[in-house]
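# Fold and contact review
Each chain, letter by letter, is given below.
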Amino acid sequence: MLAAPSESLRSVRATRVPGPRGEYVPDRRDPYWTRLFPLLAALACVTRAPSFRWPLWNSDEGYLAVQARLLADGGTLYETVVDRKPPLVPWLYAGAFTLFGDDSLLPLKVFAVAAQLLTAVLLVSIARRRWGDRAGRTAGVLYLLISIGLNPEDAQAATFEIFMLPCTAAAMWCADRRSWGTAGAAVACAFLAKQTGGAVLLPVAWLLWRAGAPRGDVARLTAGLCGPVAAAALLTTPAGFLFWTVTGSGAYASFTGSELHVLGRGLGNAAILAAACAGIVPPVVRVLRIARTGSADLWLWLASAVAAVLLGFHFFGHYYLQLMPPLALLGAAALQILPRERTLRAIVASACGCAVFLAWGLLAPRPELAHATRLAETVRAHSGPGDRVLFWGMHPEAYWLADRAPASRYLTAGLLTNYSGGRNGPQVGEKYGVDGAWPVFREELRAHPPAIVVDDSRGKPFAPERVPSLRRVLAVGYEPLMWVEGAVVYVRVEG
C-alpha cells in the first residue's frame, strides 16, 4: 500500500506562485537596493578575482586581442580581420584598446565584472517582481555564486558569453514588462555578442504570445530585433557578416569522426556545472515539477539555452554559461516556496562550491599560456617590430604576446583545416577549411612573406606534413632555426 503524501508535499502541490505583477511599483524610499547592491558588487568582484591572476585565460581572449589591434591599425572586420563570431565583442575590445592601450586586458576584465553584476541585478529585479524581496536576493546571490562553476579557462575569461549574458537577462526583463521594442533590441545585442544568444528569442516570443501578441507589439519586437542586426551588417560588410556569422560554419558544426572525444567533453562539463549547482538542482527538481509556479517562460529560457549548448556539437565549457541565469531564477522560484532554512542551505552549498572554483582559478597552473609566452618571446627576439609572423597553431594570443602583426587574416590553423574545437577525426585538412580560405591565405603569404613561421602543431592533425600548401611554402622559403618545447621556429631564407 502506498503511503499517504506528506503534509509538506500536499502544501507544495496546492501552492501557486503568483506570476508577474503588472501593477508593481518600487518604493523609492525602500532600502532594498542600497543594502543588496553592495553585496552583489562584492560577490561579483570576489568571484571574478581569479580572472586578474593571468594576462589572459584562453585562446578566445587572445583572438579578440589580436583582432582589436588589427582593427585599430585600420583593419576591416570580415575582410582583413575574420572570425566566426558577430562583431559586438571585437568592437568592445577595440574600443577598450583605443581608450586604455592595447598591452593589457585589465579593462576588459573589469568590464566582465560589470557584466556579471548587471546580469545579477537584472535577475534580482525579475525574481523580486514575481515572488518578492527574498526571492530577488536569492536569485542574485545564487547566480553570482554559480557563475564561476566551470573550468576557470571557461568561466574567468572575458569573452563572448560573459558579455552576452546581460543582454539575454535584459531581454527577459524587458519582455516581463511588455517593453517589446527594447526586448527585441536586447535579443539582437545578445545575438551580436554571440550567435547562440539569439536563443533567448524563444521565451521572449512566448511571453509576447501569452500577452495576446497584438500586431503592434509584434512589429515593435521585430523592429527592435532587426534594426541592430541590420546596422551591424551595414557597418561591416553585409556579405561578410552573413558568411562569417551564419552560413560559413557548416563543417565546424559537426563532430563526425570525433564523437567520443566531443561527447566526453560535453559530459565532463555538464558534470562540473551540476556540481556547481548542487544547491539549486534538488529544490528545483523537488518543487517545480509539482508546484504550479507560472514559470513556463523560465523553463523555455533554460530549454533554449540547452539547445544553444548542443548547437555545433562542441560542448565547450564556456557554452554552459548560458544556462546559469535561468537556473538561478528557477532555483529562486523553487526556494521561495520552501521553508527559509532550505534557502540558507542552498546558498551555503553554492558558496562552498564557489570556494572550490575560486581556489581552482587562483592556484591551477597554466602550461599552455606559459608555452605561448615562450614562443612569443622567441619570436620577439628574432624579429623586428615591423615584421609579420605566422604562428601555425591554435594559440592566437602568441601574436599579441609577441607584439607582432600576423601574416594572415586567419589567426589559427583551425580556420584553415577545421581543427577548431580540438577535432581529432578525419575531417581535418586543407580541403575542410573555411570555403575560399586557402587561395586567400596563399596570396597573403606570397604578397607579404612572414619573417618567421612557427609550426606549433606538435603532432596534431594539422601538422605541415598533412597540409601540402604550407609544406611547400616552408620547403622553398624557410629553414628551421630552433625547437621550442616541440614547436619548430622557421626563419625566412632570402633567395
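Please refer to the structure placed before this passage.
The following refers to the structure shown. (Residues numbered from 1 in each chain as written. Predicted model: local features only at pLDDT ≥ 70, side-chain atom pairs only at ≥ 80, totals over all residues. Heavy atoms only, no water.)

## Quick word on the packing of helix H6 (residues 133-146) against helix H16 (residues 324-335)
Interhelical geometry of H6 versus H16 gives an angle of 140 degrees and a closest axis separation of 8 Å. One finds that H6 runs oblique with respect to H16. Seen from above, H6 lies across H16 with right-handed handedness. From H6, Arg 134, Ala 135, Thr 138, Ala 139, Leu 142, Tyr 143 and Ile 146 reach across to H16, where they touch Met 324, Pro 325, Ala 328, Leu 329, Ala 332 and Leu 335. (Axes fitted to C-alpha atoms, helices over the stretch in contact; angles between N-to-C directions. Helix = DSSP H or I, 4+ residues; strand = E, 2+ residues; numbered from the N terminus. Parallel < 35°, antiparallel > 145°, perpendicular 65-115°, else oblique. Left-handed = near helix turned anticlockwise from the far one by under 90°. Contact = heavy atoms within 4.5 Å.)

## Some points on helix H13 (residues 259-276)
For H13, built from 18 residues, the straight-helix expectation of 26 Å at 1.5 Å per residue is met to within 8% by its first-to-last C-alpha distance of 26 Å. The elements touched by buried residues of H13 are H6, H16 and helix H17 (340-363). (Expected span 1.5 Å × (residues − 1).)

## Things to note about the sheet that holds strand E1 (residues 388-392)
Here we have five strands laid out as an open sheet, ordered E2-E1-E3-E5-E4, and mixed in their pairing. Of all strands in the sheet, those with a lone pairing partner are strand E2 (405-406) and strand E4 (478-484), marking the two edges. Sheet topology places strand E3 (residues 452-455) next to strand E5 (residues 487-492); four bridges connect them, and they run antiparallel. Within the sheet, the bridge partner assigned to Asp 455 lies in E5 and is Val 488. Contacts from helix H22 (residues 468-477) reach E1, E3, E4 and E5 within the one sheet, and its direction differs from that of E4 by about 105 degrees. (Pairing = 2+ DSSP bridges.)

## Looking at the side chain of Thr 47
Locating Thr 47 in the fold gives a position in helix H2 (residues 32-47). Polar contacts involving the side chain of Thr 47 include one to the main-chain carbonyl oxygen of Ala 44, which spans 3.2 Å. Filtering out sequence-adjacent residues up to four positions away, Thr 47 remains in contact with Leu 144, Ser 147, Ile 148, Gln 156, Cys 354 and Leu 358. (Polar contact = N/O pair within 3.5 Å; in protein donor to acceptor, adjacent residues only side chain to side chain.)

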